[in-house]
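Fold and geometry: a report
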Amino acid sequence: RLGHVIDIKEDKLRVYQRMNASDEIIELATELFYSGLEPMVKYRLLKKHVSAEKWPDFSDQLLTDSRNYPWRDVNAEIFIEEKKWDKLMDWVLENTRLSSQHDDAEPYDKYLVKHCPDRFLEMYRVRLSNYPLNHMGRAHYRFMVAIMQRLQTYPGGKAVVRNLVELYRAYYRNRPALMDELNQKYKN
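The following refers to the structure shown. Because the structure is a prediction, the values reported are computed rather than measured.

Let us look at the nonpolar core. If you look at the biggest cluster of nonpolar residues, it comprises 60 residues, and the most contacted ones within it are Leu88, Phe120, Leu128, Met148, Leu151, Tyr168 and Leu182. Setting aside residues up to four positions removed in sequence, Leu151 forms contacts with Phe120, Leu121, Tyr124, Leu128, Gly157 and Val161.

Time to look at helix 4 (residues 55-64). Of all the positions in helix 4, only Trp55, Ser59, Leu62 and Leu63 are classed as buried. Projected down its long axis, helix 4 carries its buried residues within an arc of 90 degrees, all on one side. The exposed residues of helix 4 that point more than 90 degrees off its buried face are Asp57 and Thr64. In this structure, the buried residues of helix 4 make contact with helix 2 (22-35), helix 3 (39-49) and helix 5 (73-81).

Another point: the pattern of salt bridges. Per the stated rule, a full pass over the model turns up 17 salt bridges. Among the ionic pairs, Arg44 bridges to Glu81, the shortest N-O distance being 2.7 Å. With Arg44 in helix 3 and Glu81 in helix 5, the pair connects residues that are 37 residues apart, well separated along the chain. Judged by relative accessible area, which is 29%, Glu81 ranks as partly exposed.

A packed helix pair is summarised by two numbers, namely the angle formed by the two axes and the spacing between the axes. Taken N-terminus to C-terminus, the directions of helix 2 and helix 3 make an angle of 155 degrees; their axes are 9 Å apart at the nearest point. Comparing the axis directions of helix 2 and helix 3 gives the class roughly antiparallel. Between helix 2 and helix 3 lies a crossing whose hand is left-handed. Residues Ser22, Ile25, Ile26, Ala29, Thr30, Leu32 and Phe33 of helix 2 lie in contact with helix 3, whose contacting residues are Pro39, Lys42, Tyr43, Leu45, Leu46 and His49. Along the lines of polarity and charge, the residues of the contact of helix 2 with helix 3 split into nine nonpolar, three polar and one charged.

Rules used throughout
- Residues numbered from 1 in each chain as written.
- Predicted model: local features only at pLDDT ≥ 70, side-chain atom pairs only at ≥ 80, totals over all residues.
- Heavy atoms only, no water.
- Core = buried A, V, L, I, M, F, W, Y, C linked by side-chain atoms within 4.5 Å.
- Buried < 20%, exposed > 50% of the residue type's maximum accessible area, 1.4 Å probe, protein only.
- Contact = heavy atoms within 4.5 Å.
- Helix = DSSP H or I, 4+ residues; strand = E, 2+ residues; numbered from the N terminus.
- Arc of directions from axis to C-beta.
- Salt bridge = Lys/Arg side-chain N within 4 Å of Asp/Glu carboxyl O.
- Axes fitted to C-alpha atoms, helices over the stretch in contact; angles between N-to-C directions.
- Parallel < 35°, antiparallel > 145°, perpendicular 65-115°, else oblique.
- Left-handed = near helix turned anticlockwise from the far one by under 90°.
- Nonpolar A, V, L, I, M, F, W, Y, C, P; charged D, E, K, R; others polar.

Written as structure tokens, this is what we have:
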């Protein structure tokens, strides 16, 4: 069974680590990065054993390999650890959504608002502009307003929120629950 095979490989990797067998560690840790448990642990182990001059190419190959599914959260964790902010922003744009009252991008706010503020705010402007097209009901409107409240705390966020409020009032004035939620937080 796959779980048993992975457990055996994890044990084998620990043996290689005790032996300090770098080539074997790199080979097995790479495989387990894709299929095993705790991919960030494998990533850090690989970073320790791959030479500094080879690391940039190696890490790029690790992330672009067909076995590494692009939507894996570990990709974002690696971009954060490597301080590759544009790649993190690209990943967030491609692999996160506002859906059914859940904001997948929120965990990355603290990084993106600092390092990619314009793209970050534009992403939320577009997502929040489109959200009411497919979502109705007070719970969804409260969700939107909560995100807008969060955005207001970021540099440049007040202008984005002001524009969103104007957009909602112009296009969705026939949704009383939305107007009510907006009026509670944003007076005319």
